[in-house]
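# Residue-level structural notes
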Amino acid sequence: MSIWEYANPKKFMQTSGLVLPWVAGLSALCIVAGLVWGFFLTPDDYRQGSTVKIIYLHVPSAMMAINAWGMMLVTSLIWLVRRHHVSALAAKAAAPVGLTFTVIALVTGAFWGQPMWGTWWAWDPRLTSFLILTLFYLGYIALWQAVEDPDTAADLTAVLCLVGSVFALLSRYAVLFWNQGLHQGASLSLDKKENVADVFWVPLVVCIAGFVLLFLTLVLVRTRTEIRARRLSALLARERMA
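Being a predicted model, the structure only gives us computed values, none of them experimental.

What counts, and where the lines are drawn
- Residues numbered from 1 in each chain as written.
- Predicted model: local features only at pLDDT ≥ 70, side-chain atom pairs only at ≥ 80, totals over all residues.
- Heavy atoms only, no water.
- Phe/Tyr/Trp six-rings, centres within 6.5 Å; stacked < 30°, edge-to-face > 60°.
- Helix = DSSP H or I, 4+ residues; strand = E, 2+ residues; numbered from the N terminus.
- Buried < 20%, exposed > 50% of the residue type's maximum accessible area, 1.4 Å probe, protein only.
- Contact = heavy atoms within 4.5 Å.
- pLDDT = per-residue confidence, 0-100.
- Patch = residues over 30% accessible without salt bridge, like charges linked within 9 Å, V, L, I, M, F, W, Y side chains within 5 Å.
- Areas by Shrake-Rupley, 256 points an atom, 1.4 Å probe, with all protein chains shown as cover.
- Salt bridge = Lys/Arg side-chain N within 4 Å of Asp/Glu carboxyl O.
- Core = buried A, V, L, I, M, F, W, Y, C linked by side-chain atoms within 4.5 Å.

## A closer look at the packing of aromatic side chains
- As enumerated under the stated definition, the model contains six aromatic pairs in all.
- A centroid spacing of 4.9 Å and a plane angle of 85 degrees characterise the contact between Trp69 and Tyr137, whose relative ring orientation is edge-to-face. Separated by 68 residues along the polypeptide, Trp69 in helix α2 (residues 55-82) and Tyr137 in helix α4 (residues 125-146) bring together distant segments of the chain.
- By relative accessible area, Tyr137 is classed as buried at 0%.
- Ring centres of Trp69 and Tyr140 lie 6.0 Å apart, and the angle between their planes is 70 degrees; on these two criteria the pair is classed as edge-to-face. With a gap of 71 residues between them, Trp69 in helix α2 and Tyr140 in helix α4 connect regions that are remote in the sequence.
- You can call Trp69 buried: its relative accessible area is 0%.
- Linked through ring pairs, Trp69, Phe136, Tyr137 and Tyr140 together constitute an aromatic cluster.

## Here's the deal with the environment of Thr102
- Note that Thr102 resides in helix α3 (residues 85-117).
- Between the C-alpha atom of Thr102 and that of Leu131, which follows or precedes it by 29 residues, the distance is 8.5 Å.
- Setting aside chain neighbours within four positions, we find Thr102 in contact with Ala65, Phe130, Thr134 and Tyr137.

## Concerning the confidence of the model for the protein chain
- When the pLDDT values of the protein chain are averaged, the result is 85; 86% of them are 70 or greater.
- Taken element by element, the predicted model of the protein chain shows its lowest mean pLDDT in helix α5 (residues 150-177) (80) and its highest in helix α1 (residues 9-40) (94).

## Some details on a nonpolar patch on the surface
- Nonpolar side chains collect at one region of the surface, where Val32, Val36, Trp37, Phe39, Phe40, Leu41, Trp201, Val202 and Val205 lie side by side and expose about 820 Å² of accessible area between them.
- Residue assignment for the nonpolar patch shows that the elements contributing at least two residues are α1 and α6 (198-241).
- Of all the elements, α1 adds the most residues to the nonpolar patch, at five residues.
- Inspection of the secondary structure puts Val202 in helix α6.
- Residue classification places Val202 among the partly exposed residues on the basis of a relative accessible area of 32%.

## Structural notes on the nonpolar core
- One finds Trp69, Met72, Phe101, Tyr137, Tyr140 and Phe215 to be the most contacted residues of the largest nonpolar core, which totals 32 residues.
- Broken down by secondary-structure element, the contributors of at least two residues to this core are α2, α3, α4, α5 and α6.
- When residues no more than four places from it in sequence are discounted, the contact partners of Trp69 are Leu133, Phe136, Tyr137, Tyr140, Leu160, Cys161, Gly164, Ser165 and Ala168.
- Ile55, Tyr56, Val59 and Cys207 belong to the second largest nonpolar core, which has 10 residues in total.

## As for the pattern of salt bridges
- Counting across every chain of the model gives two salt bridges.
- As a salt-bridge pair, Arg83 and Asp155 come within 2.9 Å of each other at their nearest N and O atoms. Here Asp155 lies in helix α5 and Arg83 lies in the loop between α2 and α3, a separation of 72 residues in the sequence.
- Accessibility expressed as a relative area gives 26% for Asp155, which makes it partly exposed.
- The residue Glu226 makes a salt bridge to Lys92 at a minimum N-O spacing of 3.3 Å. Residue Glu226 is located in helix α6, and its partner Lys92 is located in helix α3; the two are separated by 134 residues in the primary sequence.

Here it is, written out as structure tokens:
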């Protein structure tokens with residue numbers, strides 16, 4: 001048994017069809033539990049007040065915005081090296097989901113930042129690199145739409161994904177590269193001094209788990225849709241030639 005078996009569209013459709021209901025159910029359970037716990041059962045922060053509770057949307061969405069691009073990078077590399085169509089379609093499927101998480105992170109960050117910083121936006125290194133990542137998501141999606149041949153589109157978008165990965169890394173580690181900026185350090189860290197308090201940490205981890213499972217659910221659904229659309233296009237092309 002090899003992991004590459006799941007690059008076969010038929011095998012992927014069978015396996016994902018079995019896994020999808022469980023992943024979707026766990027996702028809904030974690031998100032509902034994490035948000036209810038975080039918003040209603042945790043105290044206000046002594047400095048930020050109730051504003052701190054935006055963390056339960058902002059941090060998971062920001063993490064998934066970056067990790068979604070990372071997943072696209074891996075699947076794009078698989079396409080370039082092994083030419084498995086499922087991997088290219090998975091990268092294509094993940095892009096709108098990653099873009100949505102990026103927009104959620106930017107919007108919630110603005111709502112969190114305004115009372116803390118006194119402004120909705122600042123050209124902070126992390127915020128700026130995150131905005132550029134958003135533009136890369138838009139460019140990636142537009143490139144898929146603009147190129148008619150699917151394999152050529154997969155090649156070009158894979159190269160764009162490699163370039164955009166620089167800004168995905170900057171979005172994650174910008175605060176380590178530059179000391180200036182308004183954005184705080186990481187909310188989750190191996191250093192216990194930098195971590196949020198335990199009362200906020202546990203529901204935050206539950207929310208992150210829910211967002212990871214939500215991302216996986218949406219990518220599986222969209223990849224399955226892309227495979228069906230590719231099959232339909234092939235059948236229509238065959239009918240025209242007959």
